[in-house]
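# Secondary and tertiary structure notes
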Amino acid sequence: MKHLLCSCAFVALFGSAAFAAEDPANQVKPYEAVTVTYDTTGTDDAELKALVETLKTAISTGDVGTLKANAAPEVKIYSPMIGFPDATPPAALPDPEKHPGDQRLDEAATLTATGDVDYSREDLDGLVVDLFGNALDSGTIGHSKTAGGAICSPAEPIFDRDKAIAVADAAGVPSGNLWILSEDTEFHEKPSETSAVLVKLPAGTIVPFVEGSVDGEDGDADWYSVALPSGKIGYSTNDISLGFQATSVCYGKVDGKWMVTAVVVPGL
């Protein structure tokens, strides 16, 4: 999977919703392919671009001070469940004590780790840098429904939820098995490079995973299988598909200046 702070959630979700049919092909029906889009309106703002570049430089040098200096006085934290999103995004986590933005970044960063740990200042700073690094890693930026329409890194996919659920139903898998192709991908008839290519699906296509680890006919276990729009099972390698929810850093204008105004940290 693509490297994300929450990438381990794929194992948890896919494992708990394991699709272990004796013959998956008997359960798969043809379906209408669904692709995602992104709303990048306003992301070409010069001052916003300058902020993002400042954050990228700070990430590369581990400069947590600069990251926090660009946090708004109030930073919202959203923690949607990892996997297929609910129809209505969750509200921001409560902040009854109105903690300042830099402290909220610490609080958001602790959500990216597991366990109830008393972190040192150095550990917290490292988690904050990692949070920003994962959010800005893809280089995409766009509006986020999860964060109330704010512009975020990475861009959040837009798609027809009912049609996506219909894809899962046709494949006979739970909606948690739906993932998004991050690049154009060829799917073979069998888990073998020499087998026929059934279809090449474009980046942004929502695909229902059937098996996350399939033994290749050459002995490698680097294959995975998905249900294709044709109703057949297709196999491919080197999975770098994307989830619907990702660790994100969001931006907004405060007193005319672009700042970090929200953080999205998906949870299990």
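Per chain, the residues get numbers from 1 upward, laid out in the order the sequence is written. Residues qualify for local features only when their pLDDT is at least 70, as the model is predicted, and side-chain atom pairs are given and counted only at 80 or more; totals for whole chains, interfaces and linings, by contrast, use all residues. The side-chain values count all of the structure's non-hydrogen atoms but skip hydrogen atoms and water molecules.

Turning to the sheet that holds strand β3 (residues 151-153), a few remarks are in order. Taken in spatial order, the five strands make up an open sheet running β1-β11-β10-β3-β2, and their pairing is mixed. Either end of the sheet is taken by a strand with one partner, and the two such strands are β1 (71-78) and β2 (142-143). We treat two strands as partners when DSSP finds at least two bridges between them. A run of H or I in DSSP becomes a helix once it reaches four residues, and a run of E becomes a strand once it reaches two; helices and strands are each numbered from the N terminus. Relative to strand β11 (residues 257-264), β1 runs parallel, the two sharing four bridges. From the neighbouring strand, Tyr-78 faces β11, where its bridge partner is Val-264.

Quick look at unusual backbone geometry now. Residue Pro-154 is bonded to the preceding Ser-153 through a cis peptide linkage, with omega at 0°. Structurally, Pro-154 is set in the loop between β3 and α6 (161-171). With a phi angle near 50°, Lys-98 is a residue other than glycine that sits in the positive phi range. When you line up the elements, Lys-98 lands in the loop between β1 and α4 (101-110). Backbone geometry at Asp-255 places phi at a positive 55°, although glycine is not the residue there. Counting through the fold element by element, Asp-255 comes out in the loop between β10 (248-254) and β11. Burial here depends on accessible area, computed with a 1.4 Å probe over protein chains only, as a share of the maximum for the residue type. Under 20% is buried, over 50% is exposed, and the range in between is partly exposed. Residue classification places Asp-255 among the exposed positions, given a relative accessible area of 81%.

Looking now at the pairing of β11. Burial analysis of β11 places seven of its eight residues in the buried class, the great majority of the element. With seven bridges joining them, β10 and β11 adopt antiparallel strand pairing. Directly across from Cys-250, in β11, lies its bridge partner Ala-262. Counting the residues between successive antiparallel strands, the hairpin from β10 to β11 contains two residues, one of them, Asp-255, with a positive phi of roughly 55°.

Structurally, Arg-121 can be placed in helix α5 (residues 121-136). Given the relative accessible area of 42%, Arg-121 is considered partly exposed. For the pair formed by Arg-121 and Pro-80, sequence separation is 41 residues and the distance between their alpha carbons is 26 Å. Pairs of residues are marked as contacts when any of their non-hydrogen atoms sit within 4.5 Å. The residues contacting Arg-121, other than those within four sequence positions of it, are Lys-68 and Asp-106. N or O atoms closer than or at 3.5 Å make up a polar contact, with two conditions inside protein: a donor-capable atom paired with an acceptor-capable one, and, for residues adjacent in sequence, both atoms drawn from side chains. Polar contacts involving the side chain of Arg-121 include one to the side chain of Asp-125, which spans 2.9 Å.

For the rest of this paragraph, the subject is the side chain of Ser-192. By the secondary structure assignment, Ser-192 is in the loop between β5 (185-188) and β6 (197-201). Other than its neighbours up to four places away in sequence, Ser-192 contacts Glu-217 and Trp-223.

A separate point is the state of the cysteines. Any cysteine sulfur atom paired with another within 2.5 Å is treated as part of a disulfide. Inspection of the entire model under this criterion finds one disulfide. Between the sulfur of Cys-152 and that of Cys-250 lies a disulfide, 2.1 Å long from S to S. On the sign convention where negative means left-handed, the S-S torsion of about 100° between Cys-152 and Cys-250 marks this disulfide as right-handed. Pair noted here: Cys-152 is in strand β3 and Cys-250 is in strand β10, with a separation of 98 residues, a long-range link. Note on accessibility: Cys-152 and Cys-250 belong to one class, buried.

Okay, the packing of α4 against α5 next. Relative orientation of the contacting elements α4 and α5 amounts to 80°, with a least axis distance of 9 Å. Compared by their axis directions, α4 and α5 come out roughly perpendicular. Contacts between α4 and α5 involve Leu-105, Asp-106, Ala-108, Ala-109 and Thr-110 from the first element and Arg-121, Leu-124, Leu-127, Val-128, Leu-131 and Phe-132 from the second. For the contact of α4 with α5, a count of residues per class yields eight nonpolar, one polar and two charged. In this analysis an axis means a line fitted to C-alpha atoms, helices contributing only their contacting stretch, and an angle means the value between N-to-C directions, from 0 to 180 degrees. Working rule for angles: under 35 degrees goes down as roughly parallel, over 145 as roughly antiparallel, 65 to 115 as roughly perpendicular, anything else as oblique. Three classes are used, and their members are as follows: Ala, Val, Leu, Ile, Met, Phe, Trp, Tyr, Cys and Pro are nonpolar, Asp, Glu, Lys and Arg are charged, and the others, Gly among them, are polar.

Before going further, it helps to spend a moment on helix α2 (residues 46-61). Working note: α-helix, 3.6 residues per turn, so residues spaced by three or four point in the same direction. The span one expects for a helix is its residue count, reduced by one, times 1.5 Å. Between its terminal C-alpha atoms α2 stretches 23 Å, which fits the 22 Å expected from 16 residues at 1.5 Å a residue. Those residues of α2 not exposed but buried are Leu-48, Leu-51, Val-52, Leu-55, Ala-58 and Ile-59. In an axial view of α2, the angular spread of the buried residues amounts to 120°, which keeps them on one side of the axis. Facing away from the buried side of α2 by over 90 degrees, the exposed positions are Ala-46, Ser-60 and Thr-61. Here the buried face of α2 lies against α3 (64-69), α5, β3, β10 and β11. The N-terminus of α2 is capped by Asp-45, whose side-chain oxygen sits 2.9 Å from the backbone nitrogen of Glu-47. What the arc measures is the spread of directions leading from the helix axis to the C-beta atoms.

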